[in-house]
Amino acid sequence: MKRKDKSANPIEPEIRMELPRRSFLQTALAGGAVASTAYLSLTRDLLAKESGPIVIGHQCELTGGFSSWGYWHDKCAKAAAALINEGGGIAGRKLEVPVADTESNPAAGARKLRSLIQRSRARFVVGSVHSGIMLASIPIASELKTPYFSAGEATEATGSKGTRYSFRTGTDTYALAAAGAPWAFKNLGKNWTMIFPDYAWGHSHHQEHRKLIEAMGGKVNDPIAVPLGTKDLVPYLAKIPEETEVLFSVFFGALSVAFYTQSKSMKLDEKMKMYSVSGTIEAILPEAINGAAENVFFLENFPRPLEYKNDEYHKKFIEMMNIDPVHAKENGSDRVMAKSHAWQSYENFFVLKQAIEASGWQRKKDTPGVIEALEGLKMENSIAHPQGAKLLRAQDHSGMIDCYISQVQNGKFVVSKRIPRAEMESLLPPRYDFRKYKL
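Nothing here was measured: the structure is a model prediction, and the numbers come from that model.

If you trace the three strands from one edge of the open sheet to the other, you get β13-β14-β15, paired in antiparallel fashion. The sheet terminates laterally at β13 (378-379) and β15 (399-400), the two strands that pair on one side only. Note: β13 against strand β14 (residues 390-392), two bridges, orientation antiparallel. When the bridges of β14 are listed, Met379 appears paired with Lys390.

Quick look at the structure:
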């Protein structure tokens with residue numbers, strides 16, 4: 001008898017939503033994730049008898065260096081699964097979500113993805129936020145002809161290493177540069193130094209931002225790549241040129257805390273403007289690092305305070321996540337939501353629901369129809385898409401979303417500018433068209 005892989009056991013959703021089914025199917029997800037009533041009535045019983053539950057796997061960082069993010073991705077996935085099942089499932093079939101813990105390690109994540117697909121029979125996968133794991137996983141998902149939604153930001157996932165099977169509803173480094181660099185160049189300074197971890201995510205940010213800054217006539221100094229696991233950043237911070245006007249940093253977790261506290265102690269924030277992306281302070285409360293992030297500007301994918309996107313869907317999402325509406329801190333604990341990224345592990349289930357129902361998918365051989373339905377998919381601001389309306393671009397499978405420039409003021413994120421996706425799309429035309437490849 002084969003030993004079962006404990007990391008791939010199906011997990012029943014733990015969160016039960018208090019939404020009536022009619023409201024879910026006819027109102028809350030209008031324009032989002034529902035096939036026609038006629039289609040559902042004709043196929044519900046047939047599909048349930050033929051194939052049973054629809055299995056969408058979740059590849060998630062439950063342990064290791066990214067576990068503070070993974071906690072929220074897991075919580076979002078469970079909330080989405082519960083809400084979908086409360087509303088009758090996907091095309092009348094129950095949704096099951098087996099989870100694979102990547103251990104925040106590319107080798108383990110890739111191995112467990114294969115198990116998730118082959119042993120747990122996941123037909124679709126909502127994948128990792130860790131760029132290294134994401135890039136190791138895409139070839140496996142593509143080999144096994146399984147649509148894979150990543151939440152990591154390395155451009156390669158929907159770029160040079162992307163395939164017909166790889167998708168991302170959120171931003172990548174290409175989009176983040178297009179969204180934030182023009183504003184930062186105009187408002188913060190034209191001489192930039194970039195410091196980042198010696199890892200795919202940081203290098204990708206450097207490459208994309210450098211192209212735009214130099215194209216606008218700015219100067220980008222030599223990059224400073226810091227080895228993963230470094231605790232003393234002072235030798236690296238000492239390399240920053242005196243003429244630097246904007247210090248663009250890309251760290252995560254403990255490295256972020258080290259960067260902000262040590263750069264503050266060196267008074268670098270008094271000599272230059274500090275600019276970054278939301279991932280560098282994900283799951284971190286500014287107050288918890290003694291004001292070290294004060295006055296730093298961040299490009300966010302989803303504003304932390306409710307007031308900057310104050311609608312019923314954002315409010316309901318906050319209630320589901322059990323976080324406060326100002327700091328995104330979990331009620332009753334010290335955890336802060338990884339809000340700019342974890343929404344993807346909620347919304348991507350509804351994206352797949354919409355495509356599965358629209359294409360009439362019944363079994364694995366029908367997957368090409370789902371991929372075609374995903375290419376160019378439009379999503380409306382709704383309970384299924386609380387981050388906001390968006391487009392899954394047909395050519396490169398990239399999400400086109402609104403972004404926000406925020407600054408930490410008195411320990412709170414204050415939005416300085418909302419950047420509509422239409423404003424930045426001209427700066428990031430598709431560089432690949434995966435539709436040219438056969439399914």
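Here the narrative resumes, following the displayed structure.
Turning to the pattern of salt bridges, a few remarks are in order. Counted according to the given criterion, the structure contains 20 salt bridges. Its salt-bridge partner being Glu423, residue Lys417 comes within 3.4 Å of it at the nearest N-O pair. What makes Lys417 partly exposed here is its relative accessible area of 27%. Among the charged side chains, a salt-bridge network with shared partners connects Asp402, Arg418 and Arg421.

Looking now at the nonpolar core. The biggest cluster of nonpolar side chains holds 86 residues, and the ones touching the most others in it are Tyr275, Tyr346 and Leu374. Of all the elements, helix α6 (residues 173-187) adds the most residues to this core, at 10 residues. The next biggest cluster of nonpolar side chains, apart from the first, holds 25 residues, and it includes Ile240, Ile284, Ile289 and Ala293.

Our focus in this paragraph is the side chain of Lys75. Relative to the elements of secondary structure, Lys75 occurs in helix α3 (residues 67-86). Residue classification places Lys75 among the buried positions, given a relative accessible area of 13%. Within the structure, Lys75 has its side chain in polar contact with the side chain of Glu330 (distance 2.7 Å).

To continue, consider the packing of aromatic side chains. According to the stated counting rule, one finds 19 aromatic pairs in the structure shown. With a centroid separation of 5.1 Å and 90 degrees between ring planes, the pair formed by Tyr71 and Trp72 is classed as edge-to-face. With relative accessibility at 27%, the residue Tyr71 sits in the partly exposed group. With a relative accessible area of 1%, Trp72 lands in the buried category. A ring pair is formed by Phe302 and Phe317, whose centres lie 6.0 Å apart and whose planes are at 20 degrees; its orientation type is stacked. Of this pair, Phe302 sits in the loop between β12 (297-300) and α10 (312-321) while Phe317 sits in helix α10, placing them 15 residues apart in sequence. Using a relative accessible area of 0% as the deciding quantity, one classes Phe302 as buried. Classification of Phe317 by relative accessible area gives buried; the value is 0%. Every member of this aromatic cluster is reached through a ring pair, and the members are Phe66, Trp69, Tyr199, Trp201 and Phe252. Across from the ring centre of Phe185, 5.0 Å away, lies the NZ or CZ of Lys190, which sits over that ring.

Moving on, we get to the environment of Val296. With respect to the helices and strands, the residue Val296 is situated in the loop between β11 (273-277) and β12. A sequence separation of 36 residues divides Val296 from Tyr260, and the C-alpha atoms of the two residues are 9.4 Å apart. What Val296 contacts, discounting residues up to four positions off in sequence, is Tyr260, Met274, Tyr275, Ser406, Gln407 and Val408.

Moving on, we get to the pairing of β12. The two faces of a sheet get side chains in turn, since along a regular strand they alternate between them. Burial of the side chains of β12 extends over both faces: Phe297 and Leu299 are buried on one face and Phe298 and Glu300 on the other. Examined bridge by bridge, β11 and β12 share three bridges and lie parallel to one another. Its bridge partner lying in β12, Val277 is registered against Leu299. The pairing of β12 with strand β16 (residues 403-409) spans four bridges and is antiparallel. When the sheet's bridge partners are listed, Phe297 is paired in β16 with Gln407.

What follows deals with the pairing of strand β10 (residues 246-249). The two faces of β10 match: Val246 and Phe248 on one face and Leu247 and Ser249 on the other face are all buried. Here strand β7 (residues 191-197) runs beside β10; their pairing, made up of four bridges, is parallel. Paired with Trp192 across the bridge in β10 is Val246.

Before going further, it helps to examine helix α12 (residues 344-359). Given 3.6 residues per turn, any residue in an α-helix points the same way as the ones three and four places further on. In a regular helix each residue adds 1.5 Å, so 16 residues correspond to 22 Å; α12 covers 22 Å between its end C-alpha atoms and thus fits that length. The buried fraction of α12 is high, at 14 of 16 residues. Downstream of α12 by a residue or two, Gly360 has a phi angle that is positive, lying close to 75 degrees.

Among the secondary structure elements, Thr367 is positioned in helix α13 (residues 367-374). Those residues in contact with Thr367, other than ones at most four positions away along the chain, are Lys145, Pro147 and Trp361.

Rules used throughout
Residues numbered from 1 in each chain as written. Predicted model: local features only at pLDDT ≥ 70, side-chain atom pairs only at ≥ 80, totals over all residues. Heavy atoms only, no water. Pairing = 2+ DSSP bridges. Helix = DSSP H or I, 4+ residues; strand = E, 2+ residues; numbered from the N terminus. Salt bridge = Lys/Arg side-chain N within 4 Å of Asp/Glu carboxyl O. Buried < 20%, exposed > 50% of the residue type's maximum accessible area, 1.4 Å probe, protein only. Core = buried A, V, L, I, M, F, W, Y, C linked by side-chain atoms within 4.5 Å. Polar contact = N/O pair within 3.5 Å; in protein donor to acceptor, adjacent residues only side chain to side chain. Phe/Tyr/Trp six-rings, centres within 6.5 Å; stacked < 30°, edge-to-face > 60°. Lys NZ or Arg CZ within 6 Å of the ring centre and 35° of its normal. Contact = heavy atoms within 4.5 Å. Expected span 1.5 Å × (residues − 1).

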